[in-house]
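# Structural description and commentary
For reference, the chains in residue letters:
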Amino acid sequence: MESKYGDASEIRREIEALKATRNDIDTRISALEAQLQEISLQNGNDAVSNGSFCPPISGLESGFGHDLTPEMIYRYSRHLLLPSFGVQGQSNLLKSSVLVVGAGGLGSPALLYLAACGVGRLGIVDNDVVELNNMHRQIIHTEEYIGRPKVKSAAAACRSINSTIKIVEHKEALRASNALEIMSQYDLVVDATDNAPSRYMISDCCVVLGKPLVSGAAVGLEGQLTVYNYNGGPCYRCLFPTPPPSTACQRCSDSGVLGVVPGVIGCLQALEAIKIASAVGEPLSGRMLLFDALSARIRIVKIRGRSLQCEVCSENASFSKEQFQEFDYEKFTQTPLSSSPLKLNLLQADSRISSKEYKERIVNGEAHVLVDVRPKHHFRIVCLPRSLNIPLPSLEARVHEISSALEKEGKTNSGSGAQLYVLCRRGNDSQRAVQYLHKIGFTSAKDIVGGLEGWARDVDPSLPMY
Amino acid sequence: MQLTLEFGGGLELLCDSVKIHKVSVEPQNGAEMLTMKDLLTWVRTNLIKERPEMFMKGDTVRPGVLVLVNDCDWELSGQLNTTLEDKDVVVFISTLHGG
């Protein structure tokens, strides 16, 4: 047995060492690629006036009256065969630059298609790392990239599909302080983020810079898509001048999402971006697409035009670059820009116990009742032994169940009454529940800090996490 | 008059997770026309089962909710003053932020 364990740790050490080497190699490749791009830019793309990257051109001399090389003609031949797209559409696309903010569920298919179709320069902004629970929907990433930056993973996937376009990695979170600098380098922007403050910030920045914005969103089994700030059309703030309450903003990590739903919306975002970049077709501006996967319904509705009262894009508004950079989007939306979950602190320290303390009390055989206030379908995934599931919204109506459980537990343990502990996923709802329980007389109720996630981290790492 | 009311983007959770409601609503207080203002009051009383503050704020919908009358933003038809007709379809949809 012992030698077997020794082998495993040796293998782990070797894996770690190899991973470190791989990271070094990646860094060196990135540096060399940047160097190479610098050189090729200096050597003859001076003709490009609008700052867009243009791939090496030799076709002009070939006398076909367009600037596609033989390789480009062959690679994009199925585009060229489309009468409504043709050489002009492809040529426009090759000269265009698109920034995709977020390499997640929406960004994955959007980036794959934008790289494949031949957008001349494709930028990716993301500051997260690939996690196992991303894999079901963020199809640009592969298992070997788990634990590594999404930007690196997405850029590598794009390069392996199309090595002839320029892929730019922005491995940083988009903030009001860097958004102008990053977004100004592109012709149009694809919003593939997952939170309200980013959506306001990206829209405002697009207005300030005069860039069209392809905006998509997906949660659960529904998706939404529209194009903002295009050709005099509305911006995000024209539609949503006041941010919604933060409790109304569902996140995929809380509400769940069927993997293919952001996939559908991300593909449509790529399509809208391609239409704008190639100047072909009619972008989805002034209209919104609503996708309901469960009932297989897609509805396209007419939305308002540019609002005369819009504080950012109306003629009377004077929202400057300086104002943009100073605007506090997190405060405005009452929501953090980062995807880290909320950490409430509603209770006094003596109304809370750590998961380690709770474990000790179980070991000591303390008479107690553990109430788990997560939704029923969460409880079905994983739960602690002998816990009583009463979802937070039904707590008020089911308080009697707690009373009778406490009574029963107190009797069987012939002691001085049973203790009451409350658990949830991360330790927020459990605090809300304890607050309520205190109010109605269960004054000794305590919540378990950090919830099930804390328990899995500090007490039982074998507990499955979701 | 017969109306089809649809809730989406999470708002259906406020009405027992039912997305589509075929309802019959008559003009209020002897008025001739039913307006969106009347309909909102009716929905709040008859369909919303929990957390009404997630649906309405003051006498209108809360920020972040789009209202569509026959697939058209209600901003284009007069918002609360929009008058409804038999067989109209009214959609309430919460804007999504996830991805």
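Since this is a predicted model, take the numbers as computed values, not measurements. (Residues numbered from 1 in each chain as written. Chains lettered and ligands numbered in written order. Predicted model: local features only at pLDDT ≥ 70, side-chain atom pairs only at ≥ 80, totals over all residues. Heavy atoms only, no water.)

### Focus on the pattern of salt bridges
Taken as a whole, this structure holds 31 salt bridges over all chains when the rule is applied. A:Glu401 is the salt-bridge partner of A:Arg398, the closest N and O atoms lying 2.8 Å from each other. Look at A:Arg398 and you get partly exposed, because its relative accessible area is 26%. A salt bridge links B:Asp16 to B:Lys49; the shortest N-O distance between them is 3.3 Å. Placement of the pair is B:Asp16 in the loop between strand 1 (2-8) and strand 2 (20-24) and B:Lys49 in the loop between helix 1 (36-46) and strand 4 (56-57), with a sequence separation of 33 residues. You'll find B:Asp16 and B:Lys49 in the same group, each marked exposed. Bridged by salt links that share partners, the residues A:Arg251, A:Asp254, A:Arg425, A:Arg426 and A:Glu453 form one connected network. (Salt bridge = Lys/Arg side-chain N within 4 Å of Asp/Glu carboxyl O. Buried < 20%, exposed > 50% of the residue type's maximum accessible area, 1.4 Å probe, protein only. Helix = DSSP H or I, 4+ residues; strand = E, 2+ residues; numbered from the N terminus.)

### A look at the UniProt feature "modified residue: 1-thioglycine" (unreviewed entry) in chain B
This chain's UniProt record puts "modified residue: 1-thioglycine" (unreviewed entry) on B:Gly99. Relative to the assigned elements, B:Gly99 resides in the segment after strand 8 (89-94). Accessibility expressed as a relative area gives 9% for B:Gly99, which makes it buried. For B:Gly99, the residues in contact, after removing those within four places along its chain, are A:Gly104, A:Gly105, A:Leu106, A:Arg137, A:Thr193, A:Asp194, A:Ala218 and A:Cys252. (UniProt positions renumbered as here; feature names shortened; annotations may be inferred. Contact = heavy atoms within 4.5 Å.)

### A short note on the packing of aromatic side chains
Residues and elements named next belong to chain B. With the rule as written, the count across this model stands at 13 aromatic pairs over all chains. Note on Phe7 and Phe55: the rings are 6.1 Å apart at their centroids and 55° apart in plane angle, and the pair reads as tilted. Taken together, the residues Phe7 in strand 1 and Phe55 in the loop between helix 1 and strand 4 connect sequence positions 48 residues apart. With 5.2 Å between their ring centres and 75° between their planes, Phe55 and Phe92 make a pair best called edge-to-face. With Phe55 in the loop between helix 1 and strand 4 and Phe92 in strand 8, this residue pair connects regions lying 37 residues apart in the sequence. (Phe/Tyr/Trp six-rings, centres within 6.5 Å; stacked < 30°, edge-to-face > 60°.)

### Quick look at unusual backbone geometry
Residues and elements named next belong to chain A. Here Ala296, not a glycine, exhibits a phi torsion of approximately 50°, which is positive. On the secondary structure map, Ala296 appears in the loop between strand 7 (287-292) and strand 8 (297-302). In this model, Arg386 sits at a positive phi of 60°, which is unusual for a non-glycine residue. Assignment of secondary structure puts Arg386 in the loop between helix 16 (376-381) and strand 11 (387-389).

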